[in-house]
Amino acid sequence: MSSKLVITIARQYGSGGLFIGKKIAKDLKIAFYDKELIEMAAKESGLGKDFIEKSDEKLPFRFVGGFTDMFCGVFGAQCSENINDSIFKIQSNIIKNIAEKESAVFVGRCADYVLREHPRCINVFICADIKDRIKTISENLNINSAAALKEIEKNDRQRNKYYRYYTNIERGSAEYYHLCVNSSVLGLSETADIIREFAEKKFIEK
């Protein structure tokens, strides 16, 4: 690919955003980033991967005392008043640096907002019918439908609060995305194909 292209994917829990993002990246032969960003943030911050994963796309919590003091001592004046803010800044800088160097697909982590000034970025929001989301989560977690619905509500609530906290924007509002797609309509593979074709028409074919 002659020019860099970035695709960000925000998604409802259980809508297949991870599968779709991976397929797009594979078909376009570009990099894919999701949990990889956690590992990169852990390496850069010196914090444990498990610790960062627990705070991933969740509303900030606060620590007091020695641990916060130790963390802020590492980051000096750049350290915010809570650890999650610092992790968000680290991940955001990683996303920006990657987007400057290579074409990539990013899933979650407010990447659409972080890269809002990137000249060749396409922001996508993926939703799905609730029955399909329940089926997906039930199968993935091996739980019944009622438990799956609770997981969906909990994860969507956490992601919405996280996104609103760092962007002051309601996640999923159509005006903030280039493309909003219901993956239940055509299925995951064809949804990925549509997004890829959209990206090719907007950037690659020009």
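As a reminder, the structure under discussion sits directly above these lines.
Cut-offs applied
- Residues numbered from 1 in each chain as written.
- Predicted model: local features only at pLDDT ≥ 70, side-chain atom pairs only at ≥ 80, totals over all residues.
- Heavy atoms only, no water.
- Buried < 20%, exposed > 50% of the residue type's maximum accessible area, 1.4 Å probe, protein only.
- Helix = DSSP H or I, 4+ residues; strand = E, 2+ residues; numbered from the N terminus.
- Pairing = 2+ DSSP bridges.
- Salt bridge = Lys/Arg side-chain N within 4 Å of Asp/Glu carboxyl O.
- Phe/Tyr/Trp six-rings, centres within 6.5 Å; stacked < 30°, edge-to-face > 60°.

Undergrad: So what's going on with the pairing of strand β4 (residues 121-127)? Residues and values would help.
TA: Of all the seven residues making up β4, six are buried; the element is thus mostly covered by neighbouring parts of the structure. Note: β4 against strand β5 (residues 179-182), four bridges, orientation parallel. Across the sheet, residue V124 finds its bridge partner in β5, namely L179.

Undergrad: Give a detailed account of the pattern of salt bridges, specifying residues and quantitative values.
TA: Under the defined criterion, the tally for this structure stands at 13 salt bridges. Note that D27 and K23 form a salt bridge whose closest N and O atoms lie 2.8 Å from each other. Within this pair, D27 and its partner K23 are both found in helix α1 (residues 17-28), separated by four residues, close to a single helical turn. Between K154 and E151 there is a salt bridge, with the nearest N and O atoms lying 3.4 Å from each other. Linking K154 with E151, this pair stays in helix α8 (residues 145-167), spanning three residues, or about one helical turn. Take K154: its relative accessible area is 33%, and that puts it in the partly exposed class. Connected through salt bridges with shared partners, the residues K23, D27, D193, R196 and E200 form a single ionic network.

Undergrad: Could you give an account of the packing of aromatic side chains, with specific residues and numbers?
TA: The full count for this structure, using the stated rule, is six aromatic pairs. Geometrically, the ring pair formed by F88 and Y162 is edge-to-face, given 6.1 Å between the ring centres and 75 degrees between the ring planes. Of the two residues, F88 is situated in helix α5 (residues 83-101) and Y162 in helix α8; the sequence distance between them amounts to 74 residues. For the pair formed by F88 and Y162, the shared burial category is buried. When the ring of F88 is compared with that of Y166, the centres are 3.9 Å apart and the planes differ by 5 degrees; the resulting orientation is stacked. Residue F88 is found in helix α5, and its partner Y166 is found in helix α8; the two are separated by 78 residues along the sequence. Exposure remark for Y166: the relative accessible area of 13% places this residue in the buried category. Through successive ring pairs, a cluster of aromatic residues spans F88, Y162, Y165 and Y166.

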